[in-house]
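Inside the fold
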Amino acid sequence: MEKEIYWSRFAADFEERNTYVVGSGDMDRVNQAVASQKNLGDVLEFGCGNGTYSKLMAPQADHIRATDFSDEMVTETRKRLKNLENVTVEKQNCFETTYEENQFDTVVMINLLHIIPNTRLALKEAKRVLKPGGRMIILSFTTKGMGFWDKLFMLYRYLKTYGKPPESAQHLSPKSVRDLLLRTGFTVDQVSLLGTRSKAVWALGKASD
Ligand SMILES: C[S@@+](CC[C@H](N)C(=O)[O-])C[C@H]1O[C@@H](n2cnc3c(N)ncnc32)[C@H](O)[C@@H]1O
């Protein structure tokens, strides 16, 4: 497996950096949306970073596999979530995981879709490992729907925090995420933009039978 080099640099304090870029009010809003998802069953998280969302979802899940492509993120998440008995942390590439078909009740991608080069391949892998009717949860920050000055200030905070964005970065919209879900074998229950000054696409879907 090739080595992840962009995000790995921020493993120790990714959550704090991201909160600075997004703003704590909007970060709380999106976190509430994730925490409001109940009865998650057996969960697979792709691109878990340093474990923020697996920790948030753990009380609502039977078990969570928190996965990431970065060795540094995997190590940091293991450290941060070591006291959560229902979370296992593993290194996986979201384009090609080692899991069986129809294994999970829920797959989660948070702040992943807008930074990877092949969104379709990641969704197809999610569909493969989800049970028929299984739940897909997507959240991705975006500049769509943001005011001019909010966009400019956020870009400044991003550059100061992370430097140049990865080449594959893109600005998703509710429409592009809806289309992506429909093209990769999902039905769509909800797609919307969350946030006030910063925005995030929030989508809930189900794996078609
Ligand atoms: C922007 S961070 C988001 C982390 C976390 N989901 C959060 O919101 O706090 C994106 C994460 O996706 C991981 N990643 C990038 N490409 C990946 C791939 N092909 N497979 C799995 N993880 C990947 C990175 O290592 C990084 O930890």
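Heads up: the structure comes first, above all this text.
A few points on the structure.

Calculation criteria
Residues numbered from 1 in each chain as written. Predicted model: local features only at pLDDT ≥ 70, side-chain atom pairs only at ≥ 80, totals over all residues. Heavy atoms only, no water. Helix = DSSP H or I, 4+ residues; strand = E, 2+ residues; numbered from the N terminus. Rg over C-alpha atoms; globule rule 2.2 N^0.38 Å. Buried < 20%, exposed > 50% of the residue type's maximum accessible area, 1.4 Å probe, protein only. Contact = heavy atoms within 4.5 Å. Areas by Shrake-Rupley, 256 points an atom, 1.4 Å probe, with all protein chains shown as cover. Lys, Arg positive; Asp, Glu negative; His and termini not counted. Charge placed at Lys NZ, Arg CZ, Asp CG, Glu CD. Near = heavy atom within 4 Å. Polar contact = N/O pair within 3.5 Å; in protein donor to acceptor, adjacent residues only side chain to side chain. Axes fitted to C-alpha atoms, helices over the stretch in contact; angles between N-to-C directions. Parallel < 35°, antiparallel > 145°, perpendicular 65-115°, else oblique. Nonpolar A, V, L, I, M, F, W, Y, C, P; charged D, E, K, R; others polar. Phe/Tyr/Trp six-rings, centres within 6.5 Å; stacked < 30°, edge-to-face > 60°. Lys NZ or Arg CZ within 6 Å of the ring centre and 35° of its normal. Salt bridge = Lys/Arg side-chain N within 4 Å of Asp/Glu carboxyl O. Patch = residues over 30% accessible without salt bridge, like charges linked within 9 Å, V, L, I, M, F, W, Y side chains within 5 Å.

This brings us to the overall build of the protein chain. In terms of helices and strands, the protein chain carries seven helices and seven strands. Secondary structure elements in the protein chain, listed N-terminal to C-terminal, are α-α-β-α-β-α-β-β-α-β-α-α-β-β. At 16 Å, the protein chain has a C-alpha radius of gyration in line with the 17 Å of a compact globule built from 209 residues. A burial count over the protein chain gives 51% of its 209 residues as buried. Intrachain contacts of the protein chain at a sequence separation of at least 6 include 68% that bridge at least 24 residues. For the protein chain, the accessible area works out to roughly 10200 Å², and carbon and sulfur atoms hold 51% of it. Charge centroids of the protein chain, computed over 29 positive and 26 negative side chains, lie 6 Å from each other.

This paragraph deals with the site of the ligand. Surrounding the ligand, one finds 21 residues, the nearest of these being Gly47, Asp68, Cys94, Ile110 and Asn111. Note that a nitrogen atom of the ligand is positioned 3.3 Å from one of the backbone N or O atoms of phenylalanine 69. In isolation the ligand exposes 610 Å². Once the protein is present, 96% of that is buried.

This part covers the packing of helix 1 (residues 14-22) against helix 2 (residues 24-35). Relative orientation of the contacting elements helix 1 and helix 2 amounts to 115°, with a least axis distance of 6 Å. Looking at the two axes, helix 1 sits roughly perpendicular to helix 2. Within the contact between the two elements, helix 1 uses Asn18, Thr19 and Val22 and helix 2 uses Ser24, Asp26 and Met27. Taken together, the residues of the contact of helix 1 with helix 2 break down into two nonpolar, three polar and one charged.

This brings us to the packing of aromatic side chains. Aromatic ring pairs are defined here through the distance separating the ring centres and the angle between the ring planes. Inspection of every chain in the model, using the stated rule, returns 10 aromatic pairs. Note on tyrosine 6 and phenylalanine 10: the rings are 6.2 Å apart at their centroids and 70° apart in plane angle, and the pair reads as edge-to-face. We note that tyrosine 6, like phenylalanine 10, is buried. With 4.9 Å between their ring centres and 70° between their planes, phenylalanine 10 and tyrosine 162 make a pair best called edge-to-face. Placement of the pair is phenylalanine 10 in the segment before helix 1 and tyrosine 162 in helix 6 (residues 148-162), with a sequence separation of 152 residues. Note on phenylalanine 10: relative accessible area 5%, which makes it buried. Of the residues examined, tyrosine 162 reaches a relative accessible area of 4% and is grouped as buried. For the cation-ring pair, arginine 9 lies above tyrosine 6, with the distance from its terminal atom to the ring centre recorded as 4.8 Å.

Here we take up the pattern of salt bridges. Scanning all chains against the criterion turns up 13 salt bridges. Note that lysine 175 and aspartate 179 form a salt bridge whose closest N and O atoms lie 2.6 Å from each other. Highlighted residues: lysine 175 and aspartate 179, both in helix 7 (residues 174-183), separated by four residues, approximately one helical turn. We classify lysine 175 as exposed; its relative accessible area is 57%. Under the relative-accessibility criterion, aspartate 179 is labelled partly exposed at 25%.

Here we take up a nonpolar patch on the surface. On the surface, a nonpolar cluster with roughly 480 Å² of combined accessible area is contributed by Phe148, Trp149, Leu152 and Phe153. Residue placement: tryptophan 149 occurs in helix 6.

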